[in-house]
Amino acid sequence: QKQQTTQRLLEKYGELTPVERNPAPSETETCPDEVIRKMFFYPKWDKIVTCGRFKECHVVNPADFSKICTVDARPGAVIAAEYIPDTHCLAVTRNDSRMQFFAIREKSNPTSLELEDLYIMPLAEPNMVVKWHDKYKRLYTGDKAGTVFEWDAGIEDYLMKDSQETDSFTTGFGPPVGSKGWQATQFEKFRSAQQRMVRKWSRHTEPILDMIFLPKGQMVTGSMDTTITVHDLGENDHSHYTLQGHKAGVCSLTYSSEYQLLLSSGFEYNAYCWNVNVPHDKPTLLHDPIKPHNGTIVKIHAIDGTSQVLSCDSKGKIKIWDLRTMKSLTTIFIEKGMTKAEQEVFHISDLLHLPSKAELVVSGKHVYFFQGNETQKFSQTSDQPVTIALYNRAFNKILTASGRNVTIWDARTGNEVTVFKDLTDSLITAMVLTPKGRHFWVGTSSGKLSMFKFQFSAGGCLFSTGECILPLGQVHAAEITAILYCQRDAISRADMIISVSRDGTVCVVGKDQRTPTKQFSLHPKKHAVTCAAHSSALGLVAFGTTAGVAYVFDVHSMTTRGVLQKVAVEFGELVSAVFLDPYPVMALSDSEGGVSLWTVRPQDNLMLVRFMNSRASTGAHHPTVLAMSWSNALHCLYTADEMGRVGVWRMVDLLKKANMKPVLNSAETPIKAMRSTVALTQLSPNLVHQDDLWLVHSDECKCIQLLPELHVVLTA
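This is a predicted model, so every value here is computed, not measured.

*Asks:* Describe the overall build of the protein, listing the residues and the values that go with them.
*Replies:* Tallying secondary structure elements over the protein gives 4 helices and 53 strands in all. Burial status across the protein gives 52% buried among its 716 residues. Counting only contacts in the protein whose residues sit at least 6 apart along the sequence, the fraction spanning at least 24 positions is 46%. Working note: accessible area of the protein is about 34200 Å², and carbon and sulfur atoms make up 50% of it.

*Asks:* A description of the packing of aromatic side chains should follow, citing residues and the corresponding values.
*Replies:* The tally for this structure, following the rule as stated, stands at 15 aromatic pairs. Aromatic side chains Phe 346 and Tyr 368 sit 6.2 Å apart centroid to centroid with 70° between the ring planes, which places their arrangement in the edge-to-face category. Here Phe 346, found in the loop between helix 3 (340-345) and strand 25 (348-354), pairs with Tyr 368, found in strand 27 (residues 367-371); they are 22 residues apart in sequence, far enough to count as distant. The ring of Trp 321 carries the charged tip of Lys 319 above its face, separated from the ring centre by 5.7 Å. Sitting over the face of the ring of Phe 571, Arg 610 holds its NZ or CZ atom 3.7 Å from the ring centroid.

*Asks:* An account of the environment of Gln 513 is requested, with residue identities and associated values reported.
*Replies:* Counting through the fold element by element, Gln 513 comes out in the loop between strand 38 (505-510) and strand 39 (518-521). For the pair formed by Gln 513 and Leu 472, sequence separation is 41 residues and the distance between their alpha carbons is 8.7 Å. Setting aside residues no more than four positions away along its own chain, Gln 513 makes contact with Leu 470 and Leu 472.

*Asks:* Hey, could you go over the sheet that holds strand 29 (residues 397-402) for me, with residue numbers and the actual values?
*Replies:* Read from one edge to the other, the open sheet built from 4 strands follows the order 28-29-30-31, with strand pairing classed as antiparallel. The open sheet has two edge strands with one neighbour each: strand 28 (386-392) and strand 31 (416-420). Sheet twist, expressed as the mean angle between neighbouring strand axes with direction ignored, is 20°. As paired elements, strand 30 (residues 405-410) and strand 31 share 4 bridges and run antiparallel to each other. Counterpart to Trp 409 in the pairing with strand 31 is Glu 416.

*Asks:* Now, about the sheet that holds strand 37 (residues 496-501): what can you tell me, with residues and values included?
*Replies:* Across the sheet, 4 strands lie side by side as 36-37-38-39; this open sheet has antiparallel pairing. Because the sheet does not close on itself, it has two edges, and the strands there are strand 36 (480-486) and strand 39. Strand-to-strand twist across the sheet, computed as the mean angle between neighbouring axes with direction ignored, equals 15°. As judged from the 5 bridges shared by strand 37 and strand 38, these two strands associate in the antiparallel manner. For Ser 499, the partnering residue across the bridge sits in strand 38 and is Cys 507.

*Asks:* For the pattern of salt bridges, give the residues involved together with the corresponding values.
*Replies:* Counted under the stated rule, the structure contains 19 salt bridges. Linking Glu 150 and Arg 138 is a salt bridge whose minimum nitrogen-to-oxygen distance equals 3.4 Å. Linking Glu 150 in strand 11 (residues 147-152) with Arg 138 in strand 10 (residues 138-143), this pair joins segments that are 12 residues apart in sequence. Across the pair, exposure class does not vary: Glu 150 and Arg 138 are buried alike. A salt bridge links Arg 650 to Asp 691, with the shortest nitrogen-to-oxygen separation between them at 3.1 Å. Of the two residues, Arg 650 is situated in strand 50 (residues 645-650) and Asp 691 in strand 51 (residues 689-695); the sequence distance between them amounts to 41 residues. Through salt bridges with shared partners, one network takes in Lys 44, Asp 86, Asp 134 and Lys 137.

*Asks:* I'd love a proper account of the side chain of Lys 319, names of residues and values included.
*Replies:* Relative to the assigned elements, Lys 319 resides in strand 23 (residues 317-322). Reaching out from Lys 319, the side chain makes a polar contact with the side chain of Ser 328 at a distance of 3.3 Å. In this structure Lys 319 touches Asp 288, Lys 291, His 293, Val 309, Leu 310, Ser 311, Ser 328, Thr 330 and Thr 331, once residues within four positions along its chain are discounted.

*Asks:* Any details on the environment of Tyr 391? Residues and values, ideally.
*Replies:* By secondary structure assignment, the location of Tyr 391 is in strand 28. Here the alpha-carbon distance between Tyr 391 and Gln 705, two residues 314 residues apart in the chain, equals 8.0 Å. One polar contact links Tyr 391 to Asn 396, side chain to side chain, over a distance of 2.7 Å.

*Asks:* Can you lay out the nonpolar core for me, pointing to particular residues and giving the numbers?
*Replies:* Ranked by internal contacts, the top residues of the largest apolar core, which has 35 residues, are Trp 45, Val 49, Leu 90, Phe 101, Leu 115 and Leu 139. Sequence-distant contacts of Leu 139, that is, excluding residues within four places in its chain, are made with Glu 82, Ile 84, Ala 91, Met 99, Phe 101, Val 130, Lys 131, Trp 132, Phe 149, Glu 150 and Trp 151. Counting residues in hydrophobic clusters, the runner-up holds 22 residues, among them Tyr 583, Leu 608, Val 609 and Val 688.

*Asks:* Summarise unusual backbone geometry; cite the residues concerned and give the values.
*Replies:* For the bond running from Asp 581 to Pro 582, omega is -5°, close enough to zero to count as cis. Along the chain, Pro 582 turns up in the loop between strand 44 (574-579) and strand 45 (585-590). With omega at 15°, the peptide bond leading from Arg 601 into Pro 602 counts as cis. Mapping Pro 602 onto the fold places it in the loop between strand 46 (594-599) and strand 47 (607-612).

How each quantity is defined
- All residue numbers refer to position in the chain's written sequence, counted from 1.
- Selection of residues for local features in this predicted model requires a pLDDT of at least 70, selection of side-chain atom pairs for listing and counting requires 80 or more, and totals for whole chains, interfaces and linings are taken over all residues.
- By convention in this description, side-chain values take in all heavy atoms of the structure and omit both hydrogens and water.
- The secondary structure listing takes helices from DSSP runs of H or I that are at least 4 residues long and strands from runs of E that are at least 2 residues long, numbered from the N terminus.
- Categorising residues by exposure relies on relative accessible area from a 1.4 Å probe, with only protein chains included: less than 20% of the type maximum marks a residue as buried, more than 50% marks it as exposed, and the intermediate range marks it as partly exposed.
- Contacts between residues were defined by any pair of non-hydrogen atoms, one from each residue, lying within 4.5 Å.
- Each accessible area is a Shrake-Rupley estimate made with a 1.4 Å probe; only the visible protein chains count as cover when residues are assessed.
- Two aromatic rings from Phe, Tyr or Trp, using only the six-membered ring of Trp, form a pair when their centres are within 6.5 Å; if the ring planes differ by under 30 degrees the pair is stacked, by over 60 it is edge-to-face, and anything between is tilted.
- Counting as a charge over the ring demands two things of the Lys NZ or Arg CZ atom: a distance within 6 Å of the ring centre and an angle within 35 degrees of the ring normal.
- Paired strands are those between which DSSP finds at least two bridges.
- To obtain each axis, a line is fitted to C-alpha atoms, and for helices this fit is confined to the stretch in contact; angles are then taken between N-to-C directions over 0 to 180 degrees.
- Any carboxyl oxygen of Asp or Glu within 4 Å of a side-chain nitrogen of Lys or Arg constitutes a salt bridge here.
- N or O atoms within 3.5 Å of each other form a polar contact, as long as, within protein, one can give a hydrogen and the other can take it, and as long as residues adjacent in sequence are counted only when both atoms are side-chain atoms.
- For our purposes a nonpolar core is just a set of buried Ala, Val, Leu, Ile, Met, Phe, Trp, Tyr and Cys residues, chained together by side-chain atoms within 4.5 Å.

Take a look at the structure:
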C-alpha cells in the first residue's frame, strides 16, 4: 500500500519513473498469512462481509459462516464495506484509493448471490471507513488524511423499479441493472468523484479508523490522532466539538442509546465512556483491576436494549461490562490451551455480535464462535439504586423512587404502570404517601421538598401525570434524609409534614401551607440527621443523628416545646429508627451493626437491650441495619441490612420480661396515667430470638415495609 501510494503521488507530480510491480496472484493462490481483518454485519441484508489483510473479501452467511460469494479482488484489497439498503448494493473502499460499487443480484437459491460491478470512483487517499446514513440518504467516508466526505448516492432518481424491464432492479448508481442502459462491462468506467461529493471537512490530522451516527443527527469519528470528533449533520452543519482523553489512536466506537453514552477504544488497554450530551466532559474509564485488558482493544460494542458492553483486545480477551456500575461482569479467554509460541503470534483483529443468535464471532487467522443466552433487560430493574418503595393501599399500587424518577407498579401483577420521569432537578432521597394515597411528598439531595399528585379512576386507570401541586422549594441546605406525615387526631387538629436533613435541621410544614411552620436545629453543632420515626399511638417523633444521639419530641407540641427525651446510644452513627407501636419502645440501629431498644414516654429513658446483627461469616463484621419495620401482630422486628438481607427478630419474651403494656393515646386516656411502676433494668440479648434471615438483594437493602393485610414484606 505504501508503494502504491508513493508511486501515485510521485506520478501525479511527474517526479518518478515507472516502477515494475509484482504480478497479482491468481485466484487460486492463497496467502499463508491471510487473516480476517474486519467483519461487517448488516441486519437488513442478513449477511456478513469479511475483509482480509491482503486480497480476500467474502460475503458470508451468518447462520453457518459459509461463504456465499467473493468480492472481486483485482483492483486492490478491500479496507471497508457498507450495504446500502435503499438500492440493494454494496460499496467497498480499497487500498488503492478507489471506491467501488456492486449491485447485488439475488439468485433462486437463497444461499447464493452474485455481485455485479457498477463502477469505480477514484479518491485522493485510501478511505479507511465507509458508512451509510439511512435518514439523510448519504454515504460518508473517512480517509487516511483525516478528512470526512459526504457522497450523494443519487438514490432519489432510482427509488422506483423499472416497470418495463421485468428482469431488472434498481441500484441507485446508474440505470437499473439488467436494463438496456447498463452493461456489466462498465467495470472500469470511472465516474467523476466531484460530481457525487456533496461536501467534506477535516477535523483530524491522521487516519479516521471508525465512524458512527447518533440518534440526534450527529456523526462521531475516531482517529489515530487520539481525538474523537462529534459533528452535527443537521441544519447547523458547522457545529462540532472534540473529545480528548485517549493517549493513543482510537480504532473503535459504539453508542448505547439505552443510556445515551458513547464508548471508545483504541491502542491502549482501557476503554472510555463519554457523556456526549455534555461537551468537553471528562470520560470514565472502563478498567478491571483483577483481569484487565493486556492488548489493544480492537473492538467495543454496546448491545442494544441492555446495559451490557463488549470489549475485545488483540490478545484474545473478551470482557462484558455493565454500564450501570461501570464494572466488568465476566471475562472470556480465547487463547486458553495454546503454547507460549502460539500465544506470541496469536492476534485478534475484530469482534462481531449477532443479536438474533446471541452469538459472538471473533476473527483473526482463525474464526471463533461463542454462543450465549439471549441478553435482555428486565422491566423490573432500574438504572440507578431504588432507594424507596412504598405501598399505596388506596389503589393497590407500589411507588418506587430511583434517581429523579418515580415508577408506579401494579401490586397484583408486578407490571409497570407508568413512570414519572425527571420529577425533580436532583436525586430523590426521601418520599412519603398521604393517608388517602392521592399525593406523595418528595425530598431531594439538594434539600428541596415538593408534593406531587397522582390519582387512579375506579377502573384502575391513571389519569394524572405526576403534577407538582405544592413546591416548597429548598427548605434545607443539604440532602433530605427522611419525611414523616403526621395525621391529625383527637389532640392535633391538623396534618403535619416533617422533613429532616443532613444539614442538622428539622422542618415542619402544615398541610396546604407553602412555607415551613417551624424550622430548628437539634444541636448547636448541627450534626447530620440521618433517620426519623413517628408513632401515632404514642404521639411521638424521633430523630437520629450521626453523633449517635436520638431526640424524641411530642408531635403535638414540638413546635412550641423542646426535646422530650434525649437518647445517647454511643455506638457509632444512628442509621434507622422505628417505634414498636403500641408499646412505649423505640428501636435504633447504629453503624457498628447493632440494634438497641429504648423505652420512651411514659417509661423512663432506659436501654432495654442491644443485640448485634448476624454476621455473614465467622470473623466478619456485623452488617449495618439500614431500615427497620415493626409487626405488632407477630411481635417481630424486621431488619434490612447493607448486605441485602432481611432478618426477623422475635420480641415476645423481651416485652414480657420488661412488663411492657400497650399504650392507648387518646384524649380520654392521657399518657401520664399509663406510666408503669415496674423497675426496669437492662436485659439479656438472649431474650431476642432471630426467627429467620433471608438474602433478598445482592446489594444494600435501603427500605423495608410490612403489609400485614397482604402478608407481604416489601423491600428495595
